[in-house]
Amino acid sequence: MENIKSILLLPFSGLLLAALICVFILFSGLLGIGAMILFPFILLFFYFVFNHPSNALVITLVFAFMSIGMIRYMPSLPLGLTVDFALALTIVSALFQPNIKIDYSKINNGLMLVTLLWMAYNLAQLINPEARSIAAWFYAVRGTAIYMFMAVPLTLLFAHRNKDLNRFIKIILIFSLFAAIWGLKQYIFGVDAAENRWLNEGSRSTHVLLGHLRIFSFFSDAGQFGAGIAHAGVIAMVLAMGPFKVKYRILLALGGLLFFYLMILSGTRGALIVPIAGALTYLFASKNFKIMLAGLLALGMVFVFLKFSNIGNENFQIRRMRSALDPEDASLNVRFENQMKIASYLSGRPFGGGIGTSGSWGKRFSPGTFLAETPNDSWYVKIWAEMGIVGLLLHLGILFYIGLMALFKIWKIKDRELRQKLLALLSGYVGIAIASYGNPLLGQMPTGIILYMSWSYFFLSQNLDEEITTQKAISNHA
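No experiment lies behind these values; they were computed from the predicted model shown.

A. Here's a closer look at the packing of helix α16 (residues 379-411) against helix α18 (residues 447-459). In the contact formed by α16 and α18, the axes pass within 9 Å of each other and the chain directions differ by 40°. Relative to α18, the element α16 lies oblique. Of the two elements, α16 crosses α18, and the hand of that crossing is left-handed. Taken together, the residues of α18 that come into contact with α16 (itself represented by L399, Y401, I402, M405, A406, K409 and I410) are W455, F458 and F459. Grouping the constituent residues of the contact of α16 with α18 by class yields nine nonpolar, no polar and one charged.

And the structure:
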């Protein structure tokens with residue numbers, strides 16, 4: 001009897017569910033159909049995120065790559081906050097999984113200390129008498145400190161294994177490949193309607209020069225894309241020189257060359273320093289003097305080609321790269337003039353004009369003021385203008401400390417593959433850190449999140465090395 005009831009109940013339940021769905025769609029229209037289609041994917045998204053906090057960090061990295069470009073297609077949605085949302089989800093995911101054993105010793109290191117110090121200085125800027133707006137501070141501090149303050153400890157605590165490091169590098173390279181393909185699409189077929197609208201809203205003057213489009217892919221602008229894709233190129237090329245399978249090394253080398261080609265198409269002259277500084281860092285850090293000599297010779301040849309020849313001058317991109325080495329370049333001199341004006345303004349302001357008083361946030365919250373109307377064109381000049389010479393020296397000291405400690409820690413690593421991966425991240429970091437003098441790169445997406453997570457892996461290097469040693473010992477014993 002029970003079996004008969006079950007058999008009769010099953011089709012009845014199905015018909016009832018179908019009727020409810022039809023009524024829902026009838027009253028909600030296309031919006032309801034869209035919701036029905038998206039609902040399973042939303043469930044899968046939250047299942048993935050709450051399966052482990054490290055998965056939320058993966059989503060953070062994906063959003064860091066994609067969110068800015070998506071704003072061009074969905075300007076009414078607050079997609080700029082997706083990175084904040086993903087980082088918050090990481091915390092929520094950890095709170096709702098009491099079975100996860102958290103090793104708090106992972107945050108007992110110098111990186112966490114300088115992260116807290118930098119966050120404290122940014123908080124202290126709230127009482128800066130020169131600050132114009134708390135709202136400006138709230139928006140701008142996300143890029144200068146909040147993302148670092150959240151990403152560093154979350155990576156140290158929840159993404160501290162070798163499989164997390166491997167996944168991190170794969171995501172960087174895969175999404176950089178997507179960015180390169182999208183950039184090639186722009187170069188070959190031109191921009192689409194949404195991108196053209198973005199150009200017409202004020203970016204055309206800086207992104208279309210003498211009839212040539214500066215490729216920006218799905219990044220915030222050509223400057224960020226050029227440096228970001230060069231950063232990925234450095235990582236790929238350093239990995240290509242590592243102790244990996246030949247087929248992987250060939251693919252990495254080809255990917256690196258593609259990334260550098262897109263760097264040139266971006267027309268971002270400052271991005272040229274990323275592969276140069278990255279290569280010099282790798283040559284020094286690898287302590288392989290034969291490779292160092294060959295690398296220095298290759299870099300010297302590139303410098304001579306750009307500085308002392310006119311070969312390829314008929315090509316717009318080569319001409320633009322060549323102008324980066326011209327001390328008489330007009331735009332370079334304008335930058336120096338602006339920096340002298342800012343220096344004069346800051347002479348009696350050791351703590352700067354306040355976070356959010358320069359650049360786009362300054363124009364939004366304090367239009368007409370000196371810092372809002374004077375372009376800084378540099379991450380370090382931005383820090384200097386907003387946080388003063390005290391903030392700049394503190395920031396530079398933190399960046400130098402992280403790089404130096406990373407170098408010492410990498411030199412102690414025994415596993416060759418792990419050492420090469422961290423050398424790739426270190427080379428990319430130094431390249432971006434130096435290039436940030438010419439462009440505001442460090443706090444931008446996705447570069448900022450990539451660097452903060454990279455720093456965490458430098459300070460996790462000993463744990464990662466010990467994990468590999470343990471796994472090898474177990475494997476040999478078995």
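B. Focus on a nonpolar patch on the surface. Residues Y73, M74, L77 and W182 make up a contiguous nonpolar surface patch of about 350 Å² in total accessible area. Here Y73 lies in the loop between α2 (53-71) and α3 (82-95). For Y73, a relative accessible area of 38% translates into the label partly exposed.

C. Summary view of empty space enclosed by the protein. Under the defined criterion, the tally for this structure stands at five cavities of 30 Å³ or more. The calculated volume of the largest cavity comes to roughly 70 Å³. Only α2, α6 (162-189) and α18 provide two or more residues apiece to the lining of the largest cavity. Residue composition of the lining of the largest cavity, grouped by class: eight nonpolar, one polar and two charged.

D. Broad picture of the pattern of salt bridges. According to the stated counting rule, one finds nine salt bridges in the structure shown. Among the ionic contacts, a cluster of salt bridges with common partners joins R161, D164 and R167.

E. Broad picture of the environment of L423. Position of L423 relative to the elements: it lies in helix α17 (residues 416-435). Judged by relative accessible area, which is 3%, L423 ranks as buried. Placed 35 residues apart in sequence, L423 and F458 show a C-alpha to C-alpha distance of 9.3 Å. Residues in contact with L423, not counting those within four places in the same chain, are V238, Y282, A285, S286 and I410.

F. Looking closely at helix α9 (residues 246-265). Along its 20 residues, α9 runs 29 Å from first to last C-alpha, staying within 8% of the 28 Å computed at 1.5 Å per residue. Following α9 by one or two positions, G267 has its phi on the positive side, about 70°.

G. Local environment of the nonpolar core. L165, F168, L422, Y429, I449, W455 and F458 are the most contacted members of the largest nonpolar core, which has 114 residues in total. In terms of residue count, α16 provides more of this core than any other element does, 14 residues in total. Excluding residues within four positions of it along the chain, Y429 makes contact with H231, L399, I402, G403, L451, W455 and F458. Of all hydrophobic cores here, the second largest spans five residues; its members include V49, A56, A86 and L89.

H. Fine view of α6. Over its 28 residues, α6 extends 40 Å from the first C-alpha to the last, a length consistent with the 40 Å expected when each residue adds 1.5 Å. Where α6 terminates, the next one or two residues include G190, which has phi positive at roughly 90°.

I. Quick peek at unusual backbone geometry. Along the chain, M445 connects to P446 via a cis peptide bond; the corresponding omega equals 0°. For P446, the location among the structural elements is in the loop between α17 and α18. In this structure, S217 is a non-glycine residue whose phi angle is positive, near 50°. Inspection of the secondary structure puts S217 in the loop between β2 (212-213) and α8 (222-240). One non-glycine residue, D377, lies in positive phi territory at about 55°. Topologically, D377 is positioned in the loop between α15 (370-373) and α16.

Quick notes on the rules
Residues numbered from 1 in each chain as written. Predicted model: local features only at pLDDT ≥ 70, side-chain atom pairs only at ≥ 80, totals over all residues. Heavy atoms only, no water. Axes fitted to C-alpha atoms, helices over the stretch in contact; angles between N-to-C directions. Helix = DSSP H or I, 4+ residues; strand = E, 2+ residues; numbered from the N terminus. Parallel < 35°, antiparallel > 145°, perpendicular 65-115°, else oblique. Left-handed = near helix turned anticlockwise from the far one by under 90°. Contact = heavy atoms within 4.5 Å. Nonpolar A, V, L, I, M, F, W, Y, C, P; charged D, E, K, R; others polar. Patch = residues over 30% accessible without salt bridge, like charges linked within 9 Å, V, L, I, M, F, W, Y side chains within 5 Å. Areas by Shrake-Rupley, 256 points an atom, 1.4 Å probe, with all protein chains shown as cover. Salt bridge = Lys/Arg side-chain N within 4 Å of Asp/Glu carboxyl O. Buried < 20%, exposed > 50% of the residue type's maximum accessible area, 1.4 Å probe, protein only. 1 Å grid on protein atoms, 1.4 Å probe; cavity = no way out; pocket = protein on both sides within 12 Å on 5 of 7 lines; lining within 4 Å. Points joined across faces, edges and corners; volume = space filled by probe spheres on them. Expected span 1.5 Å × (residues − 1). Core = buried A, V, L, I, M, F, W, Y, C linked by side-chain atoms within 4.5 Å.

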